[in-house]
Structures are given as C-alpha cells and as structure tokens.
Amino acid sequence: MTEPKPDEWLLEQGLEPAKLGLRNQSDVKINLDSPQTADPNETELQLRENAEEDDPTFVVQEERPGWHGYVEWEDYPDKKAKAHKRFLRYKFPPPPEFQLGPIPPTNPVLEGVRWKLWHKAIGGALENVPEESWETVLKEKHSGMLHLLQFPYNGEPPKGLLINDPITPNELHFVRNHGGIPAIDPSAFDLRLDGLVNNPQKLTLADLQDESKFPRVSRLVTIQCSGTRRFEQIQEFAGEGDEMINAPWAEGAISTALWTGVSLKKVIKYCGGLKDGGKHLELYGADSYFKGGELMNYVVSVPWSKVKANEVLLAWEMNGKPLPKIHGAPLRAVVMGYIGARSVKWLYRIKAIDTPSRAPVQSREYLYFQQQYGKHNQLPHLGIQIQEMPVSSAIMTPWQKEVVVHNGHIEVTGWAYSGGGRWPERVEVSADGGRVWYMVPVENMSAKHKWTWRAWSVSVPCDHEGWTELVVRCWDNSLNTQPMEVRQSWNWGLHVTSSCHRIKIYSVNVSREATRKRLAEFEARKESFLPISRPTEFRTQTLEEYNKVWEKLEPRDVDD
Ligand SMILES: Nc1nc2c(c(=O)[nH]1)N[C@H]1C(S)=C(S)[C@@H](COP(=O)(O)O)O[C@H]1N2
Ligand SMILES: [Mo]
C-alpha cells in the first residue's frame, strides 16, 4: 500500500480534476508522459530544437493598399505552405487549463498567449496584429465589457448592461473574433463575386450603396454566438470548445442591432444569377485565422435557399452608424436566425459553389456532437453543422448564488431568443427548480420581431426560504421549448447551450413576520447578515422561550 499524499482528498473529491490521473482498467497501454515541449508560462517565442530552416526571404505582406491587416491566403497555396513551414520552426505553450482548473479572476480573463505567439512567429504583416486588436477594443468598446479573451478578442457585455435596451448600443454589442481586426479604407474597398455566378463582378461600396442598383434595407437582427452560455457546460462537463483557447462565454454572447445594407439576393441577381450547380455561397473575411498550424482567411458558407429568401444582408451600417471596425467595417454579412459564425465580418469575397464550404470554420468547427462519443472519436462528419439556432433564454437578474431578500415575490429579468425566423412567444419562470411555472406577462416582454430576441421581466411568487433554483424557459411560435438540464443537451464541442438557464438563489422572504423581525434584529445589532455560511452569534430563541414552548407540547420522547 502506498501512503496517500496529504492533499489526496482533494483529488478523491474531484476538487482538482485538472490534476487527477487516469485509472486504467484496460489492457491497453496509455502513455501519460506529456508530449508538451514548451513551458506553459513562456510568453516569448521559442525555436524548436533542430528547427528546420525555412525561407528567410519569406515575408508576409498586406495584399492591397488601403487594406491594413488583410493578408490573402486562399488565392496563394504557396504562401500558405511557406507560412506553415515557418510555423513549424517554433514551439508554443499549451492553452491554459481553465476548464478543469480554476478560471482566472482577471479581466481580460484569458490572454491568448499562444495566439499572440503564432502571429509573432509568422511576423511581417501579422507582427503587430494582437496589439492593434486590443487598441481597437479599447477605442470601440464599452469600458465595462467582460473581456473573455484578449486576443483574438472575445468580449461580452456584463449582465447588468446586456438588456437595458433591447437594441444593443454598438459599444456594448458582443464581439467574437478568430483573428485580428483589419482596417480597410472604405474608398479602397470592393467586394468580389465569383465562382458559379453568371457574371463575376467587383462592386465598390458606392456601387452597393447606389439605390438605383440595389434597394436599401434595414432589419433588426439578433446575432447569437453558438458559444453563448458555454460556461454552464464547462462547469458541469468540461469539453473542448472551439479548437482554440476558447472563450468561456457566459450569457452575453448575443446582441441585437438594426443593420442596414442590401439583400445578398439582389447582388447575386446583379451578377446574372447562379450558374447550374451553384447551391451555396462561400463568404470570405479579410482577417487571418490559424487552424492546426495552417493560415487562412475566415471562410464559411450559407445555402442559396437562405439567400433567396432575402435572409442574408450585406451591411455597412449598425444602429444608424457606420459599421465599427471591430464589427466588420466596411462590409459584413448578417445572416438572420443563423449561428453568428455565418455573419462574416470584413467580407471581401463571395464565391458561389456547389457544396457547403469545406473551409475548417464550416466543416470542422461549430459542430453539434452526439454527447456519448468520446473525444477520441469525434469525427467532424458526425457533428451537425450548426445553422439555425434553437430556442433559448437566460436570467440576467438575480445572479448565481445571490441571497435575495424579497416580499414574497422575486423580480427576475432576462432575454429569450429563437433562431430560424422563429421568435419567443412565451417566457416562463419557476422559483422551485422547474415544477411550477409562472408566465411572464406579455406586456413585460419587449417588442416581437421575426429575427430578434425579447427582453423580459417578471415578478415570481416565492413563499419558501433557503436555497432554491430560479429557472427560465421559452416557448417559441412553433411551440419549441428548451431541455430542462444541461446534461440533456450537452455537446462535447461546448456549442449551443439551449437547456433551461438555472440560477441558484438563497431566498429570504420578509413577507413572513418572523423573518422581518429577525432581520430587524440583525440591523439593530449592526450585524451583517452575510455570509449565510457564517454561524450567527446571537440566538433565535432563548432557553426561556424554548421551555415555554414545551410547556404546551408533548415531550420529545415518551416513556409510556
Ligand atoms: N471575418 C470574420 N467574421 C466573423 C468572425 C470572425 O472571426 N471573422 N466571427 C464570427 C462569429 S463566430 C460570430 S459569433 C460573429 C460575431 O459578430 P460580432 O463580433 O459582430 O458580434 O461574427 C462572425 N463573423
Ligand atoms: Mo460565434
């Protein structure tokens, strides 16, 4: 018998799962020597031992004048190959363990050291991309943003600011980037349309804004990242998320804006329509993205049927203002009711193709897996490509584990959303973990639109005291509703947390006379009621009071 280590009980109880070993009950040999070569705390670029020489004259350059931060990869396979070779010369630290280990209490929560080093390793036009990205964040976003990942920048508004206005102010709109933030001069911009279109075109911003060519449209649209509320999945069952240092999104990777631009359908028509076999439109973003040591532009696709229904906008305005750089200036796609990942920012090319895009963002990320396949068996073709987002909702107040002192009714606020052109029709809140549900009065829900969320508030009866769970669920206009527990819709990829949002609160109901009196006592003694875990120094009952009760009652034990 080996002596247990002094802190082994922390492992026994799963309190430090990142340090927990592997219990091998099979006859398969499993190598547990970490293959890691780089120091996890290293922040400087390090060459690999015996690093192969690459082409020292290879310098990554920007593609076009007036297009700062744009490197074209898709047109130049040679350049991609050289960049990959350069990449292989270096070793990079592993991502920080924040899923099984503790989440940093800082803001930015995660820094993205690996991503920063990847850019430094390639150098040239990518050298200063991480610093410039952060400067843009500080310039364009609200100072209260929760920066989940500094680079590539991923940030969401805090709960207290998310639903103040059902139309999110630009500076509070969440941001999800896979790389840097290009700065493209609108007067130097054009959009290339090619592939299976009858007349390939290049259209300037002025062309797109020419109302004699294209009718201008404005639509209120909610964009939701499929990572929204990933935090709940991480907490219960950590998984991989994106193949990157993923953002531990809370409830704020969703926002709503009035987008102005033109329908992509009209632009395709202007190109003479699609050639035979053209079924999907591949959208190209000017930012550079790293995936598995390869460099590429951000590329995804949407089906023609979606475009044909006028559900894809090419937008240059956000809430009546020019599109901010961080949200894709000068031009972005807004794909209504789909996962945010299809709403390509810094859109510079649209290519008509015959199948959904084979680019990694479309084919290897943003997948919805069957939960019982192990991580070792997760083949991309087994994941459903996430397109329309399901119905979901979240509680913004109260907060997780808050002590709520109330008059018998708890005030609860939140948002509700459904993708695919469905909308929240009813929102219900439970104060008992999901047995009894109270309907949010329709007058307490923000306006109904086909493509947007609704903010809501409700006063829910809660008689009981102590720990309880507030739960929200939404019914959309197709009567779809949400699974009750995270486990029921858990996805190894940590996308689409559509289960009912649950908030544990400690209820203190002052409509009870005894509670009111007791709280007054705390007040008179200038004693803090919090934390609830601390023993109270003054008693609820004196010995005299206790004895008095027993004068009227049967004794505790009987002997006849
Ligand atoms: N070019 C480009 N477009 C992009 C992305 C990106 O990294 N690069 N991220 C996508 C993802 S995953 C989401 S959720 C939305 C977020 O849009 P927002 O940052 O304007 O909120 O942009 C999408 N469009
Ligand atoms: Mo996303």
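Residues numbered from 1 in each chain as written. Chains lettered and ligands numbered in written order. Predicted model: local features only at pLDDT ≥ 70, side-chain atom pairs only at ≥ 80, totals over all residues. Heavy atoms only, no water.

Taking an unreviewed UniProt entry as the reference, the protein is identified by name as Molybdopterin binding oxidoreductase belonging to Canariomyces notabilis. Its UniProt record gives the protein a comment under Cofactor (unreviewed entry), which states: "Mo-molybdopterin". (UniProt positions renumbered as here; feature names shortened; annotations may be inferred.)

1. Examining the overall build of the protein
The secondary structure content of the protein amounts to 12 helices and 27 strands. Within the span of the protein, comprising 560 residues, buried residues form 50% of the whole. Counting contacts in the protein only where the partners sit at least 6 residues apart, residues at least 24 apart contribute 72% of the total. One finds the centroid of the 67 positive side-chain charges in the protein at a distance of 6 Å from the centroid of its 75 negative side-chain charges. (Helix = DSSP H or I, 4+ residues; strand = E, 2+ residues; numbered from the N terminus. Buried < 20%, exposed > 50% of the residue type's maximum accessible area, 1.4 Å probe, protein only. Contact = heavy atoms within 4.5 Å. Lys, Arg positive; Asp, Glu negative; His and termini not counted. Charge placed at Lys NZ, Arg CZ, Asp CG, Glu CD.)

2. Points about the site of ligand 1
The environment of ligand 1 is made up of 19 residues, and the closest members are Phe 174, His 178, Asp 287, Arg 332 and Lys 345. Between an oxygen atom of ligand 1 and a main-chain N or O atom of Phe 174, the distance comes to 2.6 Å. Asp 287 is positioned with one of its side-chain polar atoms (N or O) 2.7 Å from a nitrogen atom of ligand 1. Taking 530 Å² as the accessible area of ligand 1 by itself, protein coverage stands at 100%. Mapped onto the shell around ligand 1, the elements with two or more residues apiece are strand 6 (175–176) and strand 12 (280–291). Among the residues forming the shell around ligand 1, the class breakdown is 8 nonpolar, 7 polar and 4 charged. (Near = heavy atom within 4 Å. Polar contact = N/O pair within 3.5 Å; in protein donor to acceptor, adjacent residues only side chain to side chain. Areas by Shrake-Rupley, 256 points an atom, 1.4 Å probe, with all protein chains shown as cover. Nonpolar A, V, L, I, M, F, W, Y, C, P; charged D, E, K, R; others polar.)

3. Section: the UniProt feature "domain: Moybdenum cofactor oxidoreductase dimerisation" (unreviewed entry) in the protein
Here, UniProt's "domain: Moybdenum cofactor oxidoreductase dimerisation" (unreviewed entry) annotation points to residues 385–506. Taken end to end, residues 385–506 has its terminal C-alpha atoms 40 Å apart, with 0% of it in helix and 45% in strand.

4. Some words on the sheet that holds strand 5 (residues 154–156)
Backbone-to-backbone hydrogen bonds join strands into a sheet, with any given pair of strands oriented parallel or antiparallel. Strand order in this open sheet of 3 strands is 4-5-6, and the pairing throughout is antiparallel. Edge positions in the open sheet fall to strand 4 (146–149) and strand 6, since each of these has one partner strand only. Bridge analysis of strand 5 against strand 6 gives 2 bridges, and the strand direction is antiparallel. In the strand pairing of strand 6, Gly 155 is matched with Val 175. (Pairing = 2+ DSSP bridges.)

5. Some words on the domain arrangement of the protein
By domain assignment, the protein separates into domain 1 (48–385), domain 2 (392–509) and domain 3 (513–550). Opposite the 41 residues of domain 1 that make contact, domain 2 presents 37 residues. Taking both partners together, domain 1 and domain 2 bury about 3700 Å²; carbon and sulfur atoms supply 59% of that area. Scanning the region where domain 1 abuts domain 2 turns up 0 salt bridges. Linking domain 1 to domain 2 there are 24 residue pairs in polar contact (both at pLDDT 80 or more). Elements with a minimum of two residues in the side of domain 1 that touches domain 2: helix 5 (159–162), strand 10 (217–224), helix 7 (230–236), strand 11 (254–263) and strand 18 (367–368). (Domains from an automatic or database assignment. Buried area = accessible area lost by both parts, 1.4 Å probe. Salt bridge = Lys/Arg side-chain N within 4 Å of Asp/Glu carboxyl O.)

6. Some points on the packing of aromatic side chains
Tallied over the full model, the rule gives 23 aromatic pairs. What links up through ring pairs into an aromatic cluster is the set Phe 87, Phe 92, Trp 115, Trp 118, Tyr 289 and Phe 290. Over the ring of Phe 237 we find Arg 487, and its NZ or CZ is 4.6 Å from the ring centre. (Phe/Tyr/Trp six-rings, centres within 6.5 Å; stacked < 30°, edge-to-face > 60°. Lys NZ or Arg CZ within 6 Å of the ring centre and 35° of its normal.)

7. Re the pairing of strand 4
Judged from the 3 bridges that link them, strand 4 and strand 5 form a sheet pairing that is antiparallel. Within the sheet, the bridge partner assigned to Leu 149 lies in strand 5 and is Asn 154.

8. Let's talk about the sheet that holds strand 20 (residues 392–397)
Read across the open sheet, the 3 strands follow the order 20-22-25; overall the sheet is antiparallel. Of all the strands in the sheet, the pair left with one neighbour each is strand 20 and strand 25 (454–461). Here the strands of the sheet are splayed against their neighbours by 35° on average, with no regard to which way each runs. Pairing between strand 22 (residues 409–417) and strand 25: 8 bridges, direction antiparallel. (Axes fitted to C-alpha atoms, helices over the stretch in contact; angles between N-to-C directions.)

9. A closer look at unusual backbone geometry
Pro 330 follows Ala 329 through a cis peptide bond whose omega is 5°. When you line up the elements, Pro 330 lands in the loop between strand 15 (321–322) and strand 16 (332–335). Following Thr 397, the chain continues to Pro 398 via a peptide bond in cis, the omega torsion being -5°. Positive phi values are uncommon outside glycine, yet Asn 50 reaches one of about 55°. Within the element layout of this structure, Asn 50 appears in the loop between strand 1 (46–47) and strand 2 (67–68).

10. Some details on a nonpolar patch on the surface
A surface patch of nonpolar side chains, about 470 Å² in accessible area, is lined by Leu 543, Tyr 546, Val 549, Trp 550 and Leu 553. Tracing the chain through its elements places Leu 553 in the segment after helix 12 (543–552). (Patch = residues over 30% accessible without salt bridge, like charges linked within 9 Å, V, L, I, M, F, W, Y side chains within 5 Å.)

11. A closer look at the environment of Ser 357
Within the fold, Ser 357 resides in the loop between strand 17 (347–353) and helix 10 (360–363). Given a relative accessible area of 1%, Ser 357 falls into the buried group. Expressed as a C-alpha distance, the spacing of Ser 357 and Gly 328, which sit 29 residues apart in the sequence, is 21 Å. Those residues in contact with Ser 357 that lie beyond four places of it in its chain are Glu 282, Val 299, Val 300, Ser 301, Gln 362 and Ser 363. Within the structure, the side chain of Ser 357 is placed 2.7 Å from the side chain of Glu 282, a separation counted as a polar contact.

12. Description of the packing of helix 3 (residues 113–122) against helix 4 (residues 129–140)
It is at 9 Å that the axes of helix 3 and helix 4 come closest, and there the two elements cross at 130°. In terms of orientation, helix 3 and helix 4 fall into the oblique class. Each of Lys 116, His 119 and Lys 120 in helix 3 lies in contact with helix 4, whose residues at this interface are Val 129, Pro 130 and Glu 131. In the contact of helix 3 with helix 4, the residues fall into 2 nonpolar, 1 polar and 3 charged. (Parallel < 35°, antiparallel > 145°, perpendicular 65-115°, else oblique.)

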